[in-house]
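Examination of the molecular architecture
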Amino acid sequence: AVTALLVAASRARPLPFAALAPYLTDSDPQVRWAAAYAIARQHSPAGARALLQAASPDAAFRAEVARELTLKVTGDSLRERAIARLRQLAADADPDIRINAIRSIGTFGPVARSTVLRALNDRDPNVRVAAAQSATAALGDARALWDRAWRTDTIFKVRQSLLESAMAAGVVLP
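Here goes a summary of the coordinates provided. Keep in mind that this is a model prediction, so the values were computed, not measured.

**Examining the pattern of salt bridges**
- Within the structure shown, the criterion is met by seven salt bridges.
- Asp 92 is the partner of Arg 62 in a salt bridge, and the nearest nitrogen-oxygen pair spans 2.7 Å. One end of the pair, Arg 62, is in helix 5 (residues 59-68); the other, Asp 92, is in the loop between helix 7 (79-89) and helix 8 (95-105), and 30 residues separate them in sequence.
- Note on Arg 62: relative accessible area 19%, which makes it buried.
- A relative accessible area of 12% means that Asp 92 is categorised as buried.
- For Arg 128, the salt bridge is made with Asp 153, and the minimal N-O distance between the two is 2.4 Å. Of this pair, Arg 128 sits in helix 10 (residues 125-133) while Asp 153 sits in the loop between helix 12 (143-151) and helix 13 (156-168); the two residues are 25 residues apart in sequence, bridging distant segments of the chain.

**Digging into helix 7**
- Among all positions in helix 7, only Ala 82, Ile 83, Arg 85, Leu 86 and Leu 89 are buried. For helix 7, the buried positions fall inside an angular range of 165 degrees around the axis, keeping them on one side. Residues of helix 7 that are exposed and point more than 90 degrees away from the buried face comprise Glu 80 and Gln 88.
- Where helix 7 is buried, its residues meet helix 4 (45-53), helix 5, helix 6 (71-74) and helix 8.

**Side note on the side chain of Asp 58**
- With respect to the secondary-structure elements, Asp 58 resides in the loop between helix 4 and helix 5.
- Beyond its immediate chain neighbours, meaning those up to four positions away, Asp 58 contacts Pro 29 and Arg 32.

**Comments concerning the nonpolar core**
- Formed by 57 residues in total, the largest nonpolar core has its most connected members in Leu 24, Trp 146 and Leu 162.
- No other element matches helix 3 (residues 29-40), which puts seven residues into this core.

**Looking at the packing of aromatic side chains**
- Going through the model one piece at a time under the given rule, you end up with one aromatic pair.
- Residues Trp 33 and Tyr 37 carry aromatic rings whose centres are separated by 5.2 Å and whose planes lie at 25 degrees to one another, so their mutual orientation is stacked. With Trp 33 and Tyr 37 both in helix 3 and four residues apart, this pair spans about one turn of that helix.

Reading the values: rules and limits
Residues numbered from 1 in each chain as written. Predicted model: local features only at pLDDT ≥ 70, side-chain atom pairs only at ≥ 80, totals over all residues. Heavy atoms only, no water. Salt bridge = Lys/Arg side-chain N within 4 Å of Asp/Glu carboxyl O. Helix = DSSP H or I, 4+ residues; strand = E, 2+ residues; numbered from the N terminus. Buried < 20%, exposed > 50% of the residue type's maximum accessible area, 1.4 Å probe, protein only. Arc of directions from axis to C-beta. Contact = heavy atoms within 4.5 Å. Core = buried A, V, L, I, M, F, W, Y, C linked by side-chain atoms within 4.5 Å. Phe/Tyr/Trp six-rings, centres within 6.5 Å; stacked < 30°, edge-to-face > 60°.

Below is the structure:
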């Protein structure tokens, strides 16, 4: 019942973050996920702050945290903490969490270069595709980095995504 209520609360505007924050540490993993989901759907700095303060061993919870911590949501005030958490999540054992983390950290621009480049070598092809799709802001117009990224993988979808990202950055790849 609490889980359903928290998921329904995700549609509330404005969301009472203070009322939901205690559920981030609930003993039930479904309740923790539902609270993280409700908070993350708001795309709010207050919600990002609450998620940065919370931790959970649950993959679904970590996936919501990784999805929420974009530059647009965290801004300058939470930037360093968000980048640090996203770097941790980009190395998570769960590929879905790594995908969300790579997509989010890519929004921070050049500070994400090493993380995005490392993800282009991930064992999971979907993580590599996410890294290629997130490379525009991270690699910018640094031609040598784009060439390096191009040489990391020959899978069609990775290369297609790299070409699209490079074009968006104004770089022409082979």
